[in-house]
Amino acid sequence: MTHLHLLPHALERDLRLNLWATHAPHLTHLRVSGRSNEMIDELALAVGIAQGPPVPPKFPAVRCLLIQPGPPPPSDDRCGTPFEEYGMALFQLEAFTEKCRNAGLKATILPACQ
């Protein structure tokens, strides 16, 4: 398997990339949709650009990373905090994809899920 699209369930805390690394060691294209903006650290470890001491990537052959963030909070919410948190998550996602590009990966943020 060289292409994988993950859609994490709302109750899952991670993408279970350790499991997928065993089943798809030659993965070249990874797409994550939904809660991907909450799982940047796990994605960074997967492609080998995590901060801190160098760690071998779980998917060393990945060359293309597509990330589709989850939907924004409902617009009828009276509190602005969810919008601020969502905006910060998108900002962090942009910074992450820039690091990926600087490391030679083709990283793209797709429009948010609806």
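See above for the structure.
Here the residue numbering is sequential within each chain, running from 1 through the sequence in written order. It should be noted that, the model being predicted, local features are given only for residues of pLDDT at least 70 and side-chain atom pairs only at 80 or more, the latter also being counted only at that level, while totals for whole chains, interfaces and linings use all residues. Heavy atoms throughout the structure, all of them, feed into the side-chain values; hydrogens and water do not.

**Digging into the overall build of the chain**
Operational definition: In this text, helices come from DSSP runs of H or I with a minimum length of four residues, and strands from runs of E with a minimum of two, each type numbered from the N-terminal end. We take the radius of gyration over the C-alpha atoms and set the globule estimate at 2.2 Å times the residue count to the 0.38 power. Burial status follows relative accessibility: with a 1.4 Å probe on protein chains alone, a residue under 20% of its type maximum counts as buried, one over 50% as exposed, and anything between as partly exposed. By definition in these notes, contact holds between two residues if any of their heavy atoms fall within 4.5 Å.
Tallying secondary structure elements over the chain gives 3 helices and 4 strands in all. The order of helices and strands in the chain, counted from the N terminus, is β-α-β-α-β-α-β. What you see for the chain is a C-alpha radius of gyration of 14 Å, in line with the 13 Å of a compact globule of 114 residues. Over its C-alpha atoms, taken along the principal directions, the chain stretches across nearly 45 × 25 × 25 Å. Out of the 114 residues in the chain, the part that is buried amounts to 36%. In the chain, the proportion of contacts linking residues at least 24 apart, taken out of those at least 6 apart, comes to 75%.

**Some words on the environment of Leu105**
One can find Leu105 in the loop between helix H3 (81-102) and strand S4 (106-109). For the pair Leu105 and Leu17, spaced 88 residues apart in the sequence, the C-alpha separation amounts to 18 Å.

**As for unusual backbone geometry**
Of note in the backbone geometry, Arg16 takes a positive phi value of approximately 60° without being a glycine. Note on placement: Arg16 falls in the loop between strand S1 (3-6) and helix H1 (17-23).

**A closer look at the packing of helix H2 (residues 40-47) against H3**
Filter applied, for reference: To obtain each axis, a line is fitted to C-alpha atoms, and for helices this fit is confined to the stretch in contact; angles are then taken between N-to-C directions over 0 to 180 degrees. In what follows, roughly perpendicular refers to angles from 65 to 115 degrees, roughly parallel to angles under 35, roughly antiparallel to angles over 145, and oblique to any angle outside these ranges. As a working rule, the residues Ala, Val, Leu, Ile, Met, Phe, Trp, Tyr, Cys and Pro are called nonpolar, Asp, Glu, Lys and Arg charged, and the rest polar, with Gly in that last group.
Here H2 crosses H3 at 5°, and the two axes come no closer than 11 Å. Between H2 and H3, the angle falls in the class roughly parallel. Contacts between H2 and H3 involve Ile40, Leu43, Ala44 and Val47 on the former and, on the latter, Ala89, Gln92, Leu93, Phe96 and Cys100. Its residues assigned to classes, the contact of H2 with H3 shows 8 nonpolar, 1 polar and no charged.

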